[in-house]
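# Coordinate analysis (summary)
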Amino acid sequence: MYSEKVMEHFEHPRNVGEIPDASGTGTVGNAKCGDIMKMDIKVENDVITDVKFKTFGCCAAIATSSMATEMVKGKSIDEALQLTNKAVAEALDGLPPVKMHCSLLAEQAIHAAVEDYQKKHPKE
Amino acid sequence: MTDHIIYMDNAATTATRPEVLEAMLPYFTQHYGNPSSIHSVGRDARRAVEKARQQVAAALGAQPREIYFTAGGSESDNWAIRCASRALAAKGKHIITSQIEHHAVLHTCQYMEKQGYEVTYLPVDENGLVSVEDVKKAIRPDTVLISIMAANNEIGTIEPIREIGKVAHEAGVLFHTDAVQAVGAVPIDVNDWNVDMLSLSGHKFHAPKGIGALYIRKGVKISNLIFGGAQERGLRAGTENLPGIVGLGAAIELAVSELPEYTRRLTALRDRLIDGILKNIPDVRLNGHRTQRLPGNVNVSVRYVEGEALLMRLDLAGVEASSGSACTSGSLDPSHVLLAIGLPHEIAHGSLRLSLGNDTTEADVDYVIEKLPGIVRDLREMSALSAENSFQP
Ligand SMILES: Cc1ncc(COP(=O)(O)O)c(C=O)c1O
């Protein structure tokens, strides 16, 4: 039911962990529904230089977290805000329909981390 | 990686045993007659059906005429609940069941509610046990049927069926039990248990899928499930699944003859696995009753990880299991059974069922005990939840 790409990211997730002095953090989902994603980003000159995730969730939740971190690493925060769940799912060669909400969580977690950074570093 | 797949999902289904397959094969190509035909080819087929009926009856302590072949557990449950309560509609429209029944029972009861019946879904305790006292108290003058499963498919808890049967019998209420998980795993005697109807399904004890039976005590009024020919005393029409019926008979006879040895061997393996998991992994709880449980059932909740991820990691390591997490149930909620025993959602999401069977060896159990802690550690390392951080945003 899962693509090889999903299984590969599930088996070998990229960017797992936390950033101690993160510039921004986003946490979405809730344990009651079985998925929580937490994303930490490090931002320098409006560029995401590092990103780490911690996810409680199924295969698809872990794989979408991993893929989303890869997609925004090295990108500007404006580019990161344009990340869509569809793009994450496509990069994983698709997700089963019932798992599309996992890709939405990944999008929301990245956006939440960037918004947290922007709140902490308001533009003059 | 193991050199073979370790199949620990025997509660989902089992492999057809070679002896069973061998007994079935002639009934595809050689003795393929229609049991209703009066010529010799048909009479051969009829003899095979009646032999299987005797084998099933003997396994349950029933009379052969009380055994009706069906297409499996779901059909038997549907038939018992829908058609027996309908036949008693003049007496009343109240049904008693439990919150932890299989969906074949629960969804049928929900359908009955739409038909104007009232259904009491009894709660269970933290071990998954139905209280006999609760059953007694729930009985009303208009109660027409009590349906309580003999053993739970997820957490393995064995229910006090004999005691419930006694209460039902004394109140003069019809008693059905879904014994799909119990057949071949615990000794059954329909008279000792005081059950009026009992569902069973072949594929849980090494017969093929799609064949089962409903025991209906002589004298119980039940309406037709399928209209048509005169098969199964005119109550369940349709040309018999001859090879399946032969396989069911052979499998149940083998299972019952091996029951003492099966129980001894699997109980030891089960306890070894439970102890090994609880000892080697922190923050794990056993679901279901510790001793009053099916010999092959292990069900644990692993905190801070999600069940489907656990399953897939085990699958990659060559171990096949199942989970009650929402992600595997195809809904947003984790298993109704785990919620009924009082688990919070996030703990229910991390459940893992390992159901052992005839082919399970001690080496298989030890492999799981060796592999599982590393898999759990890995998933916990990437989890957003932990002992320090069980936040609910
Ligand atoms: C307790 C219980 N009842 C009913 C069923 C349904 O049986 P079947 O798959 O033969 O329809 C199952 C099997 O999944 C079961 O475990």
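Everything that follows concerns the structure shown earlier in this document.
Let me begin by describing the structure that accompanies this report. (Residues numbered from 1 in each chain as written. Chains lettered and ligands numbered in written order. Predicted model: local features only at pLDDT ≥ 70, side-chain atom pairs only at ≥ 80, totals over all residues. Heavy atoms only, no water.)

## Focus: the overall build of chain A
- Tallying secondary structure elements over chain A gives five helices and three strands in all.
- Against the compact-globule benchmark of 14 Å for 124 residues, chain A has a radius of gyration of 13 Å, which places it among compact chains.
- By principal-axis analysis of the C-alpha atoms, chain A measures approximately 50 × 30 × 20 Å.
- Considering chain A as a whole, with its 124 residues, one finds that 53% of them fall into the buried category.
- Pairs at least 24 apart in sequence give 62% of the contacts found in chain A among residues at least 6 apart.
- Carbon and sulfur atoms provide 50% of the accessible area of chain A, an area that totals close to 5500 Å². (Helix = DSSP H or I, 4+ residues; strand = E, 2+ residues; numbered from the N terminus. Rg over C-alpha atoms; globule rule 2.2 N^0.38 Å. Buried < 20%, exposed > 50% of the residue type's maximum accessible area, 1.4 Å probe, protein only. Contact = heavy atoms within 4.5 Å. Areas by Shrake-Rupley, 256 points an atom, 1.4 Å probe, with all protein chains shown as cover.)

## Structural notes on the overall build of chain B
- Counting its regular elements, chain B contains 14 helices and 12 strands.
- Summarising its shape, the C-alpha atoms of chain B cover approximately 70 × 50 × 35 Å along the three principal directions.
- When each of the 393 residues of chain B is scored for burial, the buried share is 58%.
- A sequence separation of at least 24 residues applies to 71% of the contacts in chain B between residues at least 6 apart.
- Summing over all exposed atoms, chain B offers an accessible surface of approximately 15700 Å²; the carbon and sulfur share of this is 53%.

## Points about the interface of chain A and chain B
- Every contact between the two is made by 25 residues of chain A and, on the other side, 21 residues of chain B.
- Both sides of the chain A and chain B interface together cover about 2000 Å² of buried area, and 69% of this is carbon and sulfur.
- When the buried area of chain A at its contact with chain B is split by residue, Phe10, Lys32 and Phe56 of chain A rank highest and sum to 28% of it.
- The tally of links between chain A and chain B comes to one salt bridge.
- The salt bridge partner of glutamate 308 of chain B is lysine 99 of chain A, with a shortest N-O separation of 3.1 Å. (Buried area = accessible area lost by both parts, 1.4 Å probe. Salt bridge = Lys/Arg side-chain N within 4 Å of Asp/Glu carboxyl O.)

## Focus on the sheet that holds strand β10 (residues 297-302) of chain B
Residues and elements named next belong to chain B.
- Strand order in this open sheet of three strands is β9-β10-β12, and the pairing throughout is antiparallel. What marks the edges here is a single partner per strand, and that holds for β9 (284-286) and β12 (351-355). The sheet shows a mean angle of 25 degrees between the axes of neighbouring strands, taken without regard to direction.
- Relative to β10, β9 is paired through three bridges, and the arrangement is antiparallel. Across the sheet, arginine 285 pairs through a bridge with serine 301, a residue of β10. (Pairing = 2+ DSSP bridges. Axes fitted to C-alpha atoms, helices over the stretch in contact; angles between N-to-C directions.)

## Topic: the packing of aromatic side chains
- Under the counting rule described, the total for this entry stands at one aromatic pair over all chains.
- A cation sits over an aromatic face here: arginine 313 of chain B above phenylalanine 10 of chain A, 4.8 Å from the ring centre. (Phe/Tyr/Trp six-rings, centres within 6.5 Å; stacked < 30°, edge-to-face > 60°. Lys NZ or Arg CZ within 6 Å of the ring centre and 35° of its normal.)

## Here's the deal with the site of the ligand
Residues and elements named next belong to chain B.
- Around the ligand, the structure places 13 residues, and the nearest of them are Ser74, Asp178, Gln181, Ser201 and Lys204.
- Glutamine 181 is positioned with one of its side-chain polar atoms (N or O) 2.8 Å from an oxygen atom of the ligand.
- Note that an oxygen atom of the ligand is positioned 2.5 Å from one of the side-chain N or O atoms of serine 201.
- With the chains in place, 85% of the 390 Å² that the ligand exposes on its own is no longer accessible.
- Of the residues forming the shell around the ligand, the biggest block, three residues, is contributed by helix α4 (residues 73-87).
- Looking at the shell around the ligand, its residues break down into two nonpolar, eight polar and three charged. (Near = heavy atom within 4 Å. Polar contact = N/O pair within 3.5 Å; in protein donor to acceptor, adjacent residues only side chain to side chain. Nonpolar A, V, L, I, M, F, W, Y, C, P; charged D, E, K, R; others polar.)

## A short note on helix α7 (residues 161-171) of chain B
All names here are of chain B.
- Within α7, burial applies to Ile161, Ile164, Gly165, Val167 and Ala168. Looking straight down α7, one finds its buried side chains confined to an arc of 160 degrees; they lie on one side. Every exposed residue of α7 that faces more than 90 degrees away from the buried side is listed here: His169 and Glu170.
- As for α7, its buried residues are in contact with α6 (132-138), β5 (143-147) and β6 (174-178).
- Backbone geometry just downstream of α7 places glycine 172 in the positive-phi region, at approximately 70 degrees. (Arc of directions from axis to C-beta.)

## Let's talk about the pattern of salt bridges
- The final tally for this structure, using the stated rule, is 29 salt bridges over all chains.
- Between lysine 120 of chain A and aspartate 116 of chain A there is a salt bridge, with its nearest N and O atoms 3.0 Å apart. Taken as a pair, lysine 120 of chain A and aspartate 116 of chain A lie in helix α5 (residues 100-120) at a separation of four residues, close to a single helical turn.
- Several salt bridges converge on common partners, so that one network encompasses Arg46, Glu50, Arg53, Glu232 and Glu240 of chain B.

## Details of the environment of glycine 212 of chain B
Residue and element names in this part refer to chain B.
- For glycine 212, the location among the structural elements is in strand β8 (residues 212-216).
- Accessibility expressed as a relative area gives 0% for glycine 212, which makes it buried.
- On a C-alpha basis, the gap between glycine 212 and alanine 387 in space is 46 Å, while along the polypeptide they are 175 residues apart.
- Each residue touching glycine 212, except ones within four places of it in the same chain, is listed here: Tyr68, Phe69, Thr70, Ala71, Gly72, Leu200, Ser201, Gly202 and Leu248.

## Overview of the pairing of strand β3 (residues 94-98) of chain B
Residue and element names in this part refer to chain B.
- For β3, the tally of buried residues reaches five of five residues, placing the bulk of the element in the interior.
- With five bridges connecting them, β3 and strand β4 (residues 118-122) associate as parallel partners. Opposite threonine 97, over in β4, you have tyrosine 121 as the bridge partner.
- At this point the chain moves from β3, through helix α5 (residues 103-114), to the parallel β4, and the crossover so formed is right-handed.
- In the sheet, β3 pairs with β5 via four bridges, with the strands oriented parallel. Residue pairing for β5: histidine 94 is matched across the bridge by threonine 143. (Right-handed = clockwise from strand over helix to strand, strands pointing away.)

## Remarks on the environment of alanine 22 of chain A
All names here are of chain A.
- With respect to the helices and strands, alanine 22 occurs in the loop between α1 (4-11) and β1 (24-30).
- Note on alanine 22: relative accessible area 24%, which makes it partly exposed.
- Between the C-alpha atoms of alanine 22 and alanine 61, which are 39 residues apart in sequence, the distance is 22 Å.

## What about empty space enclosed by the protein?
- Enumeration according to the criterion identifies two cavities of 30 Å³ or more in this entry.
- In this model, the largest cavity occupies a volume close to 310 Å³.
- What lines the largest cavity is a set of 24 residues, among which Val183, Gly184, Ala185, Lys204 and Tyr262 of chain B lie closest to the centre.
- Tallied by class, residues from the lining of the largest cavity come to 11 nonpolar, 10 polar and three charged.
- Space inside the second largest cavity adds up to approximately 40 Å³.
- Together, Thr55, Phe56, Gly57 and Ile62 of chain A together with Tyr304, Val305, Glu306, Ala309, Leu379, Met382 and Ser383 of chain B line the second largest cavity.
- Residue classes in the lining of the second largest cavity are distributed as seven nonpolar, three polar and one charged. (1 Å grid on protein atoms, 1.4 Å probe; cavity = no way out; pocket = protein on both sides within 12 Å on 5 of 7 lines; lining within 4 Å. Points joined across faces, edges and corners; volume = space filled by probe spheres on them.)

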